[in-house]
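Report on the structure
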Amino acid sequence: DLVGGVYAEVAKKEPWVLGAKPICDVALLTTEEQFDEKPDGGRHQNNVLGAVRMLQELRVNFDIVDTKADFAPYRVIVLPDSVLCTPALAEKLEAYVFGGGSLLASHKSGLEESGAFGSAIFGVKAIGDAPFSPDFFVPGGGIGEGLPDTGHVMYQKGLEVEPLDGSEVLARVQTPYFNRNWRHFCSHAHTPSEGKEGYPAAVKKGRVIYLAHPVFAQYHDCAPLWVKTMVKDALNQLLPDPVLEVDGPSCLITTLTHQPEESRYVVHLLGYTPERRGTRFDIIEDVLPIFDITIRARVTGVTAARLVPGGELLPLATENGVVTVTLPRLDGHAMIELA
């Protein structure tokens, strides 16, 4: 009876799910296949876990792919922290970028086994591990919009790089007075910045942005807001016109699907706030409503928006190819049919 009560709600929504295909701007390149000799298949890499959570919170429509996938359908490929750049992958990424695609790479993604970058498309030359850790990211070049104009601590060690000709350094780090070790100590695990500009933190070359720190593994570890802001701003530069934009809190997860046989699109909104009340897993007990959510979708052939399965019409406006809908209230999950 308990299971039936839950799945009765699912059954009502099935017509808007069957045959639906997700529409994704972004592909997240998993590092799982690089660790397939491990018993768990490498499925629990912190960089990928952090990237998935961050992209969901940023409401980026993305697929998780491996190096054998077709990159052509995606507008941006994200290489999180440690994607080894084999000669075959370098050739595939170069063809993708030269064909109009964009890349967001971080930390050691793009390095060959030798420790050098496998392609000039990344726009940087590897010097080696950063000499200081922690160091401090300083907003600049559109990376870190809205953050205070000061150093933001990067808890995990980055990579020291030099920009290649034709590359633009968007942001740099401030170096600390010293590394924390037995010779030097400062309270609260904090090594103060000396205020001097250091090595690059963010570099852009054409349609490729490189971030020198392991931002995704760091987000999985302690979720600093400034790290998510860095990634958000980098994606905004590479993808200024995503297929779906939704205003709302970071707990709101959204997806856009297409049902070609029904000639309609479906926007899914999922808004729950889990709490870690026990030690083993998160709990959702209270459904807190979210009000006045604005949805913007770059889709064609849409003349009406309905809240389904109920069928309630929602106000819709179309301008410059963008369909805008406002959902007055969300209680947990909602689907909006655009047809």
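Before reading on, note that the structure itself is shown above.
Residues numbered from 1 in each chain as written. Predicted model: local features only at pLDDT ≥ 70, side-chain atom pairs only at ≥ 80, totals over all residues. Heavy atoms only, no water.

Some words on unusual backbone geometry
At the junction of Ser133 and Pro134, the peptide bond is cis and its omega measures out at 0° in the coordinates. You can see Pro134 is positioned in the loop between β6 (124-129) and β7 (135-138). Cis geometry marks the peptide bond from Val308 to Pro309; its omega dihedral reads 10°. For Pro309, the position within the fold is in the loop between β17 (305-308) and β18 (312-314). Positive phi outside glycine occurs at Asn320, with the angle close to 55°. Mapped onto the elements of the fold, Asn320 is located in the loop between β19 (316-319) and β20 (322-330). By relative accessible area, Asn320 is classed as exposed at 75%. (Helix = DSSP H or I, 4+ residues; strand = E, 2+ residues; numbered from the N terminus. Buried < 20%, exposed > 50% of the residue type's maximum accessible area, 1.4 Å probe, protein only.)

Considerations on the sheet that holds strand β3 (residues 62-65)
Taken in spatial order, the 9 strands of this open sheet run β3-β2-β4-β5-β12-β11-β10-β7-β8, and their pairing is mixed. Since the sheet does not close on itself, it has two edges, and those belong to β3 and β8 (152-154), each with one partner. Neighbouring strand axes in the sheet, compared pairwise and without regard to direction, differ in orientation by 25° on average. Where strand β10 (residues 168-176) meets strand β11 (residues 193-205), 6 bridges bridge the pair, whose relative direction is antiparallel. Across the sheet, residue Arg172 finds its bridge partner in β11, namely Pro200. (Pairing = 2+ DSSP bridges. Axes fitted to C-alpha atoms, helices over the stretch in contact; angles between N-to-C directions.)

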